[in-house]
Amino acid sequence: MADIRLEGVAHSYDDGKTWAVQPMTMTWEHAKAYALLGPSGCGKTTLLNIISGLLKPTTGRIWFGDREVTGISTAGRNIAQVFQFPVLYEGMSVYDNLAFPLRNRKFPRADTDARVRAVAELLGLTDQLHRPSRRLDAGRQQIVSLGRGLVRSDVAAVLLDEPLTVIDTGLKWTMRSKLKEIHRDTGHTLIYVTHDQTEALTFADRVVVLNAGAVVQSGEPTDLFLAPEHEFVGHFIGSPGMNMLAAELVDGVVRVGAAAVGRALGTGGGLPPGPVRIGVRPEFVRLAAAPTSPGLTARVAEVERMGAYDLVHAGTDGHHLVAKVAGGARCAPGTVQHFGFVAERAFLFRDAVRCGRIAALEGRDGS
Amino acid sequence: MSASTTSDTKPRNNRAWFLVLPVVVSVAFTAVIPLMTVVNYSVQDIFSPSDRLFVGLEWYRQISRDGEVRSAFVRTLLFSLQVLLLEIPLGVAVAVMMPRRGRAVPVALVVVALPLLIPWNVVGTIWQIFARGDIGLGGWAINSVLGINFNYALDATDAWATVLLMDVWHWTPLVALLAYAGLRSIPDAYFQAARIDAASAWSVFRYIQLPRLRGVLTIAILLRFMDSFMIYTEPFVVTGGGPGNATSFLSILLSKVAVGQFDLGPAGAFSLMFFLFVQVVSYVFFTVLTRTGR
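Computed from a prediction, not measured in an experiment: that's the story for all the values here.

*Asks:* So what's going on with the overall build of chain A? Which residues, and what values?
*Replies:* Secondary structure assignment for chain A yields nine helices and 21 strands. Each of the three principal axes of chain A carries a C-alpha extent, and together these read 80 × 45 × 35 Å. By the burial criterion, 43% of the 367 residues in chain A qualify as buried. For chain A, contacts bridging at least 24 residues in sequence account for 66% of all contacts bridging at least 6.

*Asks:* Describe in detail the overall build of chain B, supporting the description with residues and values.
*Replies:* Helix and strand counts for chain B stand at 13 helices and two strands. Here chain B has a C-alpha radius of gyration of 25 Å; the compact-globule value for 294 residues is 19 Å, and the former is much larger. Each of the 294 residues in chain B was classed as buried or not, and the buried ones make up 28%. Summarising the internal contacts of chain B: among those between residues at least 6 apart in sequence, 69% fall at separations of at least 24.

*Asks:* Residues and numbers for the sheet that holds strand β20 (residues 346–350) of chain A, please.
*Replies:* Residue and element names in this part refer to chain A. Strand order in the closed barrel formed by six strands is β11-β12-β13-β21-β20-β14, and the pairing between neighbours is antiparallel. Between one strand and the next, the sheet's axes are offset by a mean angle of 45 degrees, whatever the strand orientation. Two elements, strand β11 (residues 243–250) and strand β14 (residues 274–280), share seven bridges in a ladder whose sense is antiparallel. Within β14, the position partnered with Ala247 by the bridge is Val276.

*Asks:* Can you break down the interface of chain A and chain B residue by residue, with the values?
*Replies:* Of the residues lining the interface, 18 residues belong to chain A; the matching set on chain B comes to 14 residues. Taken together, the residues that form the side of chain A that touches chain B break down as 10 nonpolar, five polar and three charged.

*Asks:* For the sheet that holds strand β2 (residues 21–28) of chain A, give the residues involved together with the corresponding values.
*Replies:* Residue and element names in this part refer to chain A. Pairing within the open sheet is antiparallel, and its four strands lie in the order β2-β1-β4-β5. Both edges of this open sheet fall to β2 and β5 (67–68), since each of them pairs with a single strand only. In the sheet, strand β1 (residues 4–11) pairs with strand β4 (residues 59–64) via five bridges, with the strands oriented antiparallel. The residue bridging Glu7 from the neighbouring strand is Arg61, located in β4. Packed onto the sheet, helix α1 (residues 44–52) meets β1, β2 and β4 and runs at close to 125 degrees relative to β1.

*Asks:* Describe the domain arrangement of chain B, naming the residues involved and giving the relevant values.
*Replies:* All names here are of chain B. Annotation of chain B at the domain level lists domain 1 (17–56) and domain 2 (66–292). Relative placement of domain 1 and domain 2: their C-alpha centres are 32 Å apart. Counting from both sides, the interface comprises eight residues of domain 1 and, opposite them, six residues of domain 2. When contributions to the side of domain 1 that touches domain 2 are tallied by element, the ones reaching two or more residues are α2 (21–42) and β1 (44–48). Looking at the side of domain 1 that touches domain 2 residue by residue, the classes come out as five nonpolar, two polar and one charged.

*Asks:* I'd like to hear about the domain arrangement of chain A, residue by residue, with values.
*Replies:* Accessible area lost upon the coming together of the parts is a frequently used measure of interface size. Residue and element names in this part refer to chain A. The assigned domain composition of chain A is domain 1 (4–234) and domain 2 (243–359). If you average the C-alpha positions of domain 1 and of domain 2, the two centres end up 39 Å apart. Taken together, the contact pairs seven residues of domain 1 with eight residues of domain 2.

*Asks:* Can you tell me about α1 of chain A, naming the residues and giving the values?
*Replies:* Residues and elements named next belong to chain A. Across the nine residues of α1, nine count as buried, placing the element largely inside the fold. Within α1, burial applies to Lys44, Thr45, Thr46, Leu47, Leu48, Asn49, Ile50, Ile51 and Ser52. In the segment just after α1, Gly53 is the residue with positive phi, at about 95 degrees.

*Asks:* Quick rundown of the pairing of strand β13 (residues 259–266) of chain A? Include the residues and the values.
*Replies:* Residues and elements named next belong to chain A. With four bridges connecting them, strand β12 (residues 253–256) and β13 associate as antiparallel partners. Paired with Val254 across the strands is Gly262, a residue of β13. Where β12 folds back on β13, the antiparallel hairpin that results is connected by two residues, among which Gly257 adopts a positive phi of roughly 60 degrees. Relative to strand β21 (residues 353–359), β13 runs antiparallel, the two being bridged by four bridges. Residue pairing in the sheet places Arg263 in a bridge with Ala359 of β21.

*Asks:* Quick one: what's the story with the environment of Pro333 of chain A, residue by residue and with numbers?
*Replies:* All names here are of chain A. With respect to the helices and strands, the residue Pro333 is situated in the loop between β18 (319–326) and β19 (336–341). What makes Pro333 exposed here is the crowd of 12 C-beta atoms within 10 Å. For Pro333, the residues in contact, after removing those within four places along its chain, are Val300, Ala301, Glu302 and Val303.

*Asks:* Describe the confidence of the model for chain B, listing the residues and the values that go with them.
*Replies:* All names here are of chain B. With 96% of its residues at a pLDDT of 70 or more, chain B shows a mean pLDDT of 87. Note on residues 1–5: pLDDT is under 50 here. Beyond four places in sequence and across chains, it has zero contacts. Prediction confidence for the complex, expressed as pTM and ipTM, is 0.75 and 0.77 respectively.

*Asks:* Can you lay out unusual backbone geometry for me, pointing to particular residues and giving the numbers?
*Replies:* Residues and elements named next belong to chain A. A cis amide bond links Ser239 with the next residue in sequence, Pro240, at an omega value of -5 degrees. Although it is not a glycine, Ala31 sits at a positive phi angle of roughly 70 degrees. As for its placement among the helices and strands, Ala31 is situated in the loop between β2 and β3 (33–37). Positive phi, normally seen in glycine, also occurs at Asp251, with a value near 50 degrees. One can find Asp251 in the loop between β11 and β12.

*Asks:* Now, about the nonpolar core: what can you tell me, with residues and values included?
*Replies:* All names here are of chain A. Counting residues in hydrophobic clusters, the biggest one holds 75 residues, and the most contacted among them are Ala35, Leu36, Ile191, Tyr192 and Val209. Here this core takes six residues from helix α3 (residues 94–104), the largest share from any one element. Sequence-distant contacts of Leu36, that is, excluding residues within four places in its chain, are made with Lys44, Leu47, Ile191, Tyr192, Val193, Val208 and Leu210. Among the nonpolar cores identified, the runner-up in size contains 28 residues, and Val285, Leu321, Val322 and Phe341 belong to it.

Procedures and definitions
- Numbers given to residues run from 1 along each chain, matching the order in which its sequence is written.
- Here the convention is simple: chains get letters from A, ligands get numbers from 1, in the order in which they are written.
- A pLDDT threshold of at least 70 governs which residues receive local features in this predicted model, and a stricter bar of 80 or more applies before side-chain atom pairs are shown or counted, although totals over entire chains, interfaces and linings include all residues.
- Here a strand is any run of E in DSSP of at least two residues, a helix any run of H or I of at least four, and the numbering for each starts at the N terminus.
- Neighbour density around each residue's C-beta defines its exposure: 20 or more other C-beta atoms within 10 Å make it buried, 12 or fewer make it exposed, and counts between make it partly exposed, where C-beta atoms are placed from the backbone.
- Whether two residues are in contact is decided by their C-beta atoms, placed from the backbone, lying within 7 Å.
- Restricting the calculation to C-alpha atoms gives the radius of gyration, and the globule rule supplies 2.2 Å times the number of residues raised to the power 0.38.
- A pair of strands is considered paired only if DSSP assigns at least 2 bridges between the two.
- A fitted line through C-alpha atoms serves as each axis, taken over the contacting stretch for helices, and the angle formed by two N-to-C directions is quoted from 0 to 180°.
- For this classification, Asp, Glu, Lys and Arg are treated as charged, while Ala, Val, Leu, Ile, Met, Phe, Trp, Tyr, Cys and Pro are nonpolar and the rest, including Gly, are polar.
- The source of the domain bounds is an automatic or database domain assignment.
- On a range of 0 to 100, pLDDT expresses the predictor's confidence in each residue.
- Note on terminology: a nonpolar core is a set of buried residues of type Ala, Val, Leu, Ile, Met, Phe, Trp, Tyr or Cys, with members joined through C-beta atoms within 7 Å.

See the structure below:
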């Protein structure tokens with residue numbers, strides 16, 4: 001129906017001493033599936049509660065399309081929210097649970113019945129409608145909680161706060177595909193909070209990464225993987241996380257200790273000299289027969305055989321480097337090995353924010 | 001099948017039963033032996049410690065036909081019923097109104113719990129004075145301000161009302177605290193979901209809070225039934241069972257028979273029937289309430 005826009009929204013639980021959500025301005029586009037990803041305590045749930053109206057932000061304004069809803073109650077915003085564990089009216093049947101939000105809003109009986117049956121059909125609950133809700137298993141109960149949100153046809157958005165936490169691993173996949181199916185069928189805006197990167201990356205059109213109450217990057221799953229804009233995104237997404245090596249920028253050349261790694265290319269022009277950090281994902285570190293640029297030479301400490309791939313751990317001057325290479329890599333612990341970085345995928349970070357990338361040194365071949 | 005194979009291979013050793021011995025000994029001394037003494041009394045006519053006569057179930061027959069005992073039984077049952085009807089809804093109402101979080105919580109808890117900390121006979125004394133028409137604030141207010149003639153020492157209804165009100169004042173806090181504990185155990189998400197579903201305050205109470213209070217209210221009703229059915233000290237201090245026998249509950253009558261008249265045989269039979277009735281009612285009540293919940 002409409003985009004959800006946050007304007008300078010921030011929240012503090014202790015009168016401004018600490019901020020659970022840092023001031024942020026962003027738009028959640030209509031009918032897209034978003035994943036809000038971040039570690040525990042990063043403000044994901046706070047942000048969700050601000051959107052649904054359970055929490056009034058300390059500062060900032062919220063818009064649903066061109067209607068300002070900052071001061072409007074949860075009930076008035078027409079939001080559906082699903083919590084970490086199933087929240088049901090336990091004394092009621094599945095049917096009554098689904099009908100409850102409509103009855104509270106004084107919908108005519110016939111409309112209520114039609115909506116309840118439509119939603120039950122969509123969620124595969126039709127044959128469960130007259131069972132007491134407390135007799136269902138946790139997965140079904142969570143589906144009923146979701147159904148209570150979907151039963152209002154005009155919901156502005158469906159917010160899901162780690163909804164699969166209590167669900168068995170086996171059922172999780174079914175539930176996730178069910179959610180995707182519902183998203184496709186209903187076209188609601190979906191915001192899905194999770195701390196599980198796989199869940200976020202497989203589920204969403206857009207992933208919003210939150211850390212310490214601030215959005216560090218938002219984009220499509222591949223962007224977050226291939227081109228992290230922030231060190232946190234590098235760490236948090238990917239398994240194992242991005243290699244981060246402390247380096248020094250001197251005369252346009254990136255050095256780790258005494259070794260020259262490559263030539264610095266600033267994002268918006270030249271980079272002033274000084275300390276930087278090299279960020280390169282283990283997937284983009286290759287074994288090389290000779291010294292390459294951009295790249296490093298290091299002593300192999302350990303080779304983890306994972307079957308389909310090997311993780312080669314190496315060290316130089318106290319810097320730790322991991323390479324994810326095809327299984328059966330021919331390198332032995334204790335030997336000195338040359339590593340090459342894929343040129344487009346080796347980045348420079350300063351103050352945790354991406355500031356450029358590393359290219360091959362002149363006169364030497366890149367890999 | 002697996003049980004038989006394990007018992008074949010396991011060494012037989014029943015010495016673990018000795019671990020139960022301390023419990024057996026303490027229960028024997030605190031409950032079983034005193035109870036058996038009463039059973040012993042209840043089947044004898046005792047003239048003096050050396051001179052006693054076995055009378056079988058004669059005392060039980062007599063007590064169950066005794067008019068005074070019967071009217072005291074009905075009176076006590078009526079009192080318990082009124083106590084439950086007043087204290088349970090009132091306690092739940094107080095619990096719902098108590099703050100859920102913040103600095104007001106400890107204050108509210110202490111204020112509500114205050115009556116529970118006062119010893120029974122002190123509660124009796126407080127109300128005995130409070131309800132007096134001449135020097136008691138409550139009694140004086142009813143007589144002089146409201147203009148209603150109130151005297152619990154002379155009027156049976158006034159005496160009944162005083163004792164009932166005193167019990168409500170003394171024990172509603174217990175129901176309130178139990179209900180409050182039950183309410184506190186409801187996760188916030190339930191209330192948030194209710195806000196999203198546009199539920200009214202009444203719906204929140206009816207569909208979220210009340211169903212979750214079932215367990216604690218079962219306990220509260222049981223405790224309040226048993227306690228009020230066995231009430232002794234407070235009416236004894238306030239009215240002494242009077243005027244006439246308007247507030248003469250079973251316990252008061254029992255102590256009159258046992259200690260006042262020293263009729264140990266009838267008192268023993270009386271005690272056992274009293275005890276059995278409380279046990280059976282509590283058991284039936286508890287079973288019914290816990291079964292229907294499933």
